[in-house]
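# What the coordinates show
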Amino acid sequence: MSPLLACSGLTMRFGGLTALDALDIRVGKGETIGLVGPNGSGKTTFFNVLTGLYKPSAGAVQLAEQDLFARSAQEIGRAGVARTFQRSRLMLDQTVFDNIALGALGRLDLSLLSALVLRGRFRRQLSELVERATALTRRFNPQIAANLFKPAGSFTMIDRRRIEICRALVGAPRLLLLDEPSAGMTHEETRALMDDLLAFREEMPDLAIVLVEHEMDVIRRISDRCIVLNFGKKIFEGPFDALIADREVQTAYLGGAQ
Ligand SMILES: Nc1ncnc2c1ncn2[C@@H]1O[C@H](COP(=O)(O)OP(=O)(O)OP(=O)(O)O)[C@@H](O)[C@H]1O
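The notes below deal with the structure included here. Once a new chain begins, its residue numbering starts again from 1 and follows that chain's sequence as written. Given that the model is predicted, a residue must reach a pLDDT of at least 70 before its local features are reported, and side-chain atom pairs must reach 80 or more before they are shown or counted; all residues, however, enter totals for whole chains, interfaces and linings. Excluded from the side-chain calculations are hydrogens and water; all other atoms, namely the structure's heavy atoms, are used.

## Concerning the side chain of Arg162
Rules: Under the DSSP-based scheme used, a helix requires at least four consecutive residues in state H or I and a strand at least two consecutive residues in state E, with every element numbered from the N terminus. We define a polar contact as two N or O atoms separated by no more than 3.5 Å, with the added condition that, inside protein, one atom must be a possible hydrogen donor and the other a possible acceptor, whereas residues neighbouring each other in sequence contribute only through side-chain atom pairs. Contacts are assigned to residue pairs that have any heavy atoms within 4.5 Å of one another.
Locating Arg162 in the fold gives a position in helix H7 (residues 157-169). A distance of 2.7 Å separates a polar atom in the side chain of Arg162 from a polar atom in the side chain of Asp196. Residues in contact with Arg162, not counting those within four places in the same chain, are Phe140, Asn141, Ile144, Ala192, Leu193 and Asp196.

## Thoughts on the side chain of Asn141
By the secondary structure assignment, Asn141 is in the loop between helix H5 (119-140) and helix H6 (142-146). Engagement of the side chain of Asn141 in a polar contact is seen with the backbone nitrogen of Gln143, the distance being 2.9 Å. In this structure, Asn141 is in contact with Asp159 and Arg162, ignoring residues within four places of it in sequence.

## Quick look at the sheet that holds strand E1 (residues 5-14)
As a reminder, the rule being used: DSSP bridges decide pairing: two strands pair if at least two such bridges lie between them. Fitted lines through C-alpha atoms serve as axes, helices being fitted only where they are in contact, and the angles separating the N-to-C directions of these axes extend from 0 to 180 degrees.
Read from one edge to the other, the open sheet built from four strands follows the order E2-E1-E4-E5, with strand pairing classed as antiparallel. Each edge of the open sheet carries a strand with a single partner, namely strand E2 (17-27) and strand E5 (66-67). By the bridge criterion, seven bridges tie E1 to E2 in an arrangement that is antiparallel. Each bridged residue has a counterpart across the sheet, and for Met12 the counterpart in E2 is Leu20. Packed onto the sheet, helix H1 (residues 43-50) meets E1, E2 and strand E4 (58-63) and runs at close to 110° relative to E1.

## Comments concerning the sheet that holds strand E8 (residues 208-212)
In space, the six strands of this open sheet follow the order E6-E7-E8-E3-E9-E10, with mixed pairing throughout. Edge positions in the sheet fall to strand E6 (81-83) and strand E10 (233-238), since each has one partner strand and no second. Averaged over all pairs of adjacent strands, the angle between strand axes in this sheet comes to 20°, irrespective of strand direction. For strand E9 (residues 225-230) and E10, the ladder comprises five bridges, and the chain directions are antiparallel. Directly across from Leu229, in E10, lies its bridge partner Lys234. Relative to strand E7 (residues 175-179), H1 is tilted by about 145°, and along the sheet it contacts strand E3 (32-36), E6, E7, E8 and E9.

On their own, these measurements won't tell you what the molecule is for.
What follows is the structure, encoded as structure tokens:
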């Protein structure tokens, strides 16, 4: 069976710097991949290329056999790729609902024609979106669902992360890219968020996840398979236990690789 995501020879150059070097990465439907590597190894660049923020220099990207190489961020989003960012991108003075609704923009018809002429359909779309946002946030924390129209800034750090994940999920993606969800959180908060994600995966078994994370405990708990990057190259692919034992990975983390 062909994988959900298939990247081959994926390369991203910034002038003389090769940030992604002929990467071959495959992700199956429902699989969770832990993507690790030292600082500057290309993890976020991989996400930026996959989501259309950067135009790759060479290679091929397919999602469910649909060619996504160098497509626009909107097209890629519509094809089913969603992400969260390392640094929060929530609009803190806007409501939780407004923040989550942004994740569904590509799938809604928000044209003036729709708003003026097809008012019934427009209202239906909006109320469906409120229902979806309520259901999603309730899975993570009922308190968020109960306060959907309060500003996102009035929530704790972990709830803000949950809201960001809900924003990524509201468009019903097939592939979810999580960029260091534990950043800025305590160990307890990280553990609670991982519990959420594990519970979530049970409910959405077809959703594929690529998780960038420095916390090895998180990678161990949540990944079906791990991939390690170093200087934009894939240096390891396999189960977590083998990653920990791998000499090249150890050298990359301790420095002095290459
Ligand atoms: N827009 C850009 N312009 C020029 N160089 C860039 C750009 N984005 C990333 N890079 C470079 O590409 C390389 C990979 O960076 P990237 O942010 O993808 O690494 P990372 O593995 O995500 O690191 P970290 O773990 O610190 O987030 C780095 O050398 C970085 O400086």
